Amino acid sequence: MYDFNYHRPSSLEEAAKILAGAEEGIPLAGGHTLLPTLKQRLAQPSDVVDLSGIAELKGISEAGNAVVVGAMTPHAEVNRSQVVRSRIPALAHMASDIGDSQVRHRGTIGGSIANADPSADYPAAVVGLAATVKTNKREIAGDDFFTGLFETALEEHELVVSVSFPVPEKAGYAKFANPASRYPMVGVMVAKAADGVRVAVTGAGPSVFRWTEAEQALASNWSADAIAGLSHSPDGLNSDIHASAEYRAHLIGVMAKRALAAAG
Amino acid sequence: MPDSGVGDRLARREDKRFLTGKGRYTDDINRHGQAYAYFLRSPVAHARLKSVDTAAAESAPGVIAVFTGKDMEADGVGSLPCGWVVTDRHGNPHKAPPHFPLVRDKARYVGDHVAMVIAESLGQAKDAADLIELDFEELPAVVDIMKARGSGQIHDDAPENLCYDWELGDSAAVDEAFAKAAHVTKLDLVNNRLVPNAMEPRAAIGEWDPGTEEYTVYSTSQNPHLLRLILCAFVLNLPESKVRVIAPDVGGGFGSKIFAYAEETACTWASKKIGGRPVKWTADRGEAFLSDAHGRDHVTHCELALDADGRFLGMKVDTTANMGAYLSSFATSVPTYLYATLLAGQYTTPVIYANVKAVFTNTAPVDAYRGAGRPEATYVVERLVEVEARETGKDPAELRRLNFIKPDQFPYQTPVALQYDIGDYEPSLDKALEMIDYKGFGQRKAESEAKGKLRGIGLSAYIEACGIAPSAVVGSLGAGVGLWESATVRFNATGTVSVMTGSHSHGQGHETTFAQVVAEKLGIPYDNVEIVHGDTGRIPMGMGTYGSRSLAVGGSAIVKACDKIIEKSKKIAAHLMEASEADIEFKDGQFTVAGTDKSKAMAEIAFTAYVPHNYPEGVEPGLDETAFYDPLNFTYPAGVHVAEVEIDPDTGITTIADWVAVDDFGNVINPLIVEGQVHGGIAQGVGQALIENTVYDRETGQLLTGSYMDYAMPRADNFPSFRVETTVSACTHNPLGVKGCGEAGAIAAPAALMNAITDALGVEIDMPATPEKVWRAAQSRLQQAAE
């Protein structure tokens, strides 16, 4: 790893100031993508700003009919949270199956969504549950947050503060893990809420997306039968040594049905 | 009396230090004044080097030296040798192009060693490496082994990229047998390329002492004396007396740490060049993927002929094997003498012909990996037999039974050079079928189908040849080394015993097993026996550990040394008890005079040997004996593994529902360790069959599976709880009657699993049976069924 200046601010304002003043500053959340990248000398930031000292980024709370997860909350905590387990069990389940135990105790929701890895789990929850991402500057609707491969709506030095998940009537998540990395090759979150049905797919494309055809079918008939005859097009899906676009397209249908079964 | 001897399920004594983080591995060792090496590796698969400009790197902060192939050439550094000369079918030796530790003219694979930077810190060495300017002309990469012969030449002295075209067996006799066949089964098989993935990456420290002019090399080696021999006699031209190689705790090898590599060679050489500062290098995981010798990588067409009764008449095998860019230390022997010689399997196939073409490609060198040739042979034989049974409507278990070599046929001369000393195959088959409830499979299959799942069962009746030997025979076949083993058994004055073995433990549990053998043999407490290995400065010259040889060969040397101890002790005991040596009996650690109640304990004799106040005339003091053991033959472990799988046709996920293994390893010293070895071997075999695969980009030769993000390693949740048992037909030619168990699982497993998967699918697929491949096959199967 190349040398860099290390900072551990205790407030968002301080963090933003350091980032703004740095030649090439980068925020550090759980570090599960950033540290391997640094170790392999694939990035050379001038300043690394560790967000772990900022109290307001931590913790899980209920606000109205929503569960609010602080950006620096590790996956294990999301999984353990009684609030999450009772209000959005599908989210607790998703958090329980990200990476391995070490990853779940270091990796954070803010880090995950800000990185926008096409194979991350959380983007399916942010879009599938119609979450709102609160930053140090504004609020961004989940649908608008992910803009492409490793791309988000975050501006330079804009930091995720929390993610607010409206509590759905029902939700379920199912994933097909890559045999090597165990990242989702296809992960599908289905959710039924007052304002409609959502089917969000991660892992299959360059960025999380909604399967609108399935959403429409489930809106009128919340059952596996409704999507039994549907198939997603392989056009535009990822294709690599592990899975072709065609196989991923097929798995979207299978995982959607399994997510639906999990949702009940 | 020994408190823990042969046959006891002792927990491994070495595990206390391993499991509590107290193991001492090469990277844990830090020498005074140590400098750090970093290797600049070729970023492309095939390129002619025009220039390597190191000027900026040399003046970078902390840099001590930067070396290239030219520096080594100027210093007379030689080529890393291949230690086994295979003679091709025209009588010519294989093509052995030079393999310099740092490249001189061309880079031949991604990861090839272009320059070595030595600095005060690893970070500084890496920073400096960034400043080296490479000017090269990129050449087309040769990646596909089936196209290698028609592609651009990698080595000037290997036309068509052909290393050798070798054969074994009587081609005309096989053709004759096929002409009479009632049925011929033909298969095209890919034996997928694997990365060894030892838990501990390779590492080395080279240290030259300007005072004594001696070198000490710390290295992650499975055979420190062999590494010393290669460094001294072939590459660096040093006297062996001036080089000490220490292979301390080593965290797994699976074959990949047998070989002499560029890195430890360069560190050793460089230490003197920079005036004697120790030079340390530790591979990161990415370097391990790029530069450890890989395993397998065959493409094979094979045919098996049988008569109307189902008896095998003959077998034809045509294999192309990948050597990679250079010949690793024993690469040439793996697809020849460790592969084609095993094609008889457990069967009486009367004639067999194998043709093996080994080719060079722009990929990492390929050499022995757990099983080395024998998994590939078992895969050919056991896939053929299973498919033959399906094609002819025979029960696969019974087809095997019909063709087994019967107990009264041993010693059995196969048509592919080997002579099996002993074996008894039916008891393993019967036990395995009973354990898996073979008869109940139909019912279980119906239950799976009712759930929408596919179910399959597959057998693998493997054989292997372990403890590669005898030296004279392997020498006649081209081996550059002898394949014996050594041991010194040294009593200390107060009754403890130090055993110096030439075998090397890197996960096998020798410190436990060997101590059990010695405790039993000498009748002393197990805790009194210490096993010393892995240091040329402390042990007699030994050949190290590979090919499941340690107990069969190294253990035999230990037994022979113990015999010498007992023989000498009898003379001392006879003197002390005023009896004739001929009347001395030894049992359970006590020397007695026949027909009397006089006795002396082993420890008393040892004390007397070192404090010889009352001592027999003409007998030397001390109790310290060395023995060398050169086996008379290979040993032939064999057994039957049965895998049962359930496949989800919606996703293509294969779940291993059950696995039974019944192995005949001869006598077993420590059943707990043996079971662990079988479990680990199966895990690696399952990994190969199910998910592991090494993928190079077919155009550029870039390694696409260069990390655990893309190279799938098996994990605990890929496996059921294995059920393993043993049968025993004791080896006839070594004193312990043991055969070896380290590779059996990896040899048996791929064929068993692929037989089960293809049974469930009803169509052939190649390894690894990834979910997408299985899904596609399942879909075509379901479609056929629907039509």
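Residues numbered from 1 in each chain as written. Chains lettered and ligands numbered in written order. Predicted model: local features only at pLDDT ≥ 70, side-chain atom pairs only at ≥ 80, totals over all residues.

Caption draft 1: Expanded view of the overall build of chain A. Within chain A one finds 12 helices and 14 strands. With respect to the principal axes defined by its C-alpha atoms, chain A has extents near 55 × 45 × 30 Å. Considering chain A as a whole, with its 264 residues, one finds that 48% of them fall into the buried category. For chain A, the proportion of contacts with a sequence separation of at least 24, taken over those separated by at least 6, is 59%. (Helix = DSSP H or I, 4+ residues; strand = E, 2+ residues; numbered from the N terminus. Buried ≥ 20, exposed ≤ 12 C-beta atoms within 10 Å, placed from the backbone. Contact = placed C-beta atoms within 7 Å.)

Caption draft 2: Summary view of the overall build of chain B. In terms of helices and strands, chain B carries 19 helices and 28 strands. For 787 residues, the compact-globule estimate of 2.2 N^0.38 gives 28 Å, and chain B sits close to it at 27 Å. Taken along the three principal axes of its C-alpha coordinates, chain B extends 95 × 75 × 50 Å. Sorting the 787 residues of chain B into buried and exposed places 56% on the buried side. Taking the intrachain contacts of chain B between residues at least 6 apart in sequence as the baseline, contacts between residues at least 24 apart amount to 81%. (Rg over C-alpha atoms; globule rule 2.2 N^0.38 Å.)

Caption draft 3: Quick peek at helix α4 (residues 122-129) of chain B. Listed as buried for α4(B) are B:Gln124, B:Ala125, B:Asp127, B:Ala128 and B:Ala129. Its buried side turned inward, α4(B) meets β1 (35-41), α2 (55-58), β3 (63-68) and β5 (113-119) of chain B.

Caption draft 4: Examining the domain arrangement of chain A more closely. Residues and elements named next belong to chain A. Splitting chain A by domain gives domain 1 (5-53) and domain 2 (58-263). One C-alpha centre belongs to domain 1, the other to domain 2, and the line joining them spans 26 Å. At the interface, 14 residues of domain 1 touch 14 residues of domain 2. Elements supplying a minimum of two residues to the side of domain 1 that touches domain 2: α1 (12-21) and β2 (25-28). Counting residues per element, the side of domain 1 that touches domain 2 draws most heavily on α1, at five residues. Among the residues forming the side of domain 1 that touches domain 2, the class breakdown is eight nonpolar, six polar and no charged. (Domains from an automatic or database assignment. Nonpolar A, V, L, I, M, F, W, Y, C, P; charged D, E, K, R; others polar.)

Caption draft 5: The domain arrangement of chain B, seen in detail. Residues and elements named next belong to chain B. You can read the domains of chain B as domain 1 (31-139 + 199-252 + 257-291), domain 2 (298-468 + 633-786) and domain 3 (484-629). Each side of the interface is counted separately: domain 1 has 23 residues, and domain 2 has 23 residues. If one sorts the elements of the side of domain 1 that touches domain 2 by residue count, helix α8 (residues 285-291) sits on top with five residues. In terms of residue class, the side of domain 1 that touches domain 2 is built from 13 nonpolar, seven polar and three charged.

Caption draft 6: Local environment of the sheet that holds strand β23 (residues 590-593) of chain B. Residue and element names in this part refer to chain B. Here we have three strands laid out as an open sheet, ordered β22-β23-β24, and antiparallel in their pairing. Strands at the two margins of the open sheet, each flanked by one partner only, are β22 (584-587) and β24 (599-601). Neighbour-to-neighbour, the strand axes of this sheet turn through a mean angle of 25°, independent of strand direction. In terms of strand pairing, β23 meets β24 through three bridges, oriented antiparallel. By the bridge assignment, Thr592 is partnered in β24 with Ser599. The strands that helix α15 (residues 550-576) touches are β22, β23 and β24; relative to β22, the one it contacts most, it runs at about 125°. Across the face of the sheet, helix α16 (residues 602-610) comes into contact with β23 and β24 while running at roughly 75° to β24. (Pairing = 2+ DSSP bridges. Axes fitted to C-alpha atoms, helices over the stretch in contact; angles between N-to-C directions.)

Caption draft 7: A look at the sheet that holds strand β28 (residues 723-727) of chain B. All names here are of chain B. The strand order β18-β26-β27-β28 describes an open sheet built from four strands, whose pairing is mixed. A strand with exactly one partner marks an edge of an open sheet, and here the two such strands are β18 (454-463) and β28. This sheet shows a mean twist of 15° between the axes of neighbouring strands, independent of strand direction. Of the pairings in the sheet, the one linking β18 to strand β26 (residues 638-648) comprises 10 bridges and is antiparallel in character.

Caption draft 8: Spatial organisation of the interface of chain A and chain B. Between chain A and chain B, the contact holds 11 residues from the first and 14 residues from the second. The greatest single-element share of the side of chain A that touches chain B, amounting to three residues, is contributed by helix α12 (residues 245-263) of chain A. Taken together, the residues of the side of chain A that touches chain B break down into eight nonpolar, two polar and one charged.

Caption draft 9: Just the environment of B:Met116, in detail. Residue and element names in this part refer to chain B. Summarising the element assignment, Met116 is placed in strand β5. Owing to 30 C-beta atoms within 10 Å, Met116 belongs among the buried residues under this scheme. Linking Met116 and Ala266, residues 150 residues apart in sequence, is a C-alpha distance of 8.0 Å. Not counting the four nearest positions on each side in its chain, Met116 is found in contact with Ala37, Phe39, Phe67, Leu102, Ala266 and Ala270.

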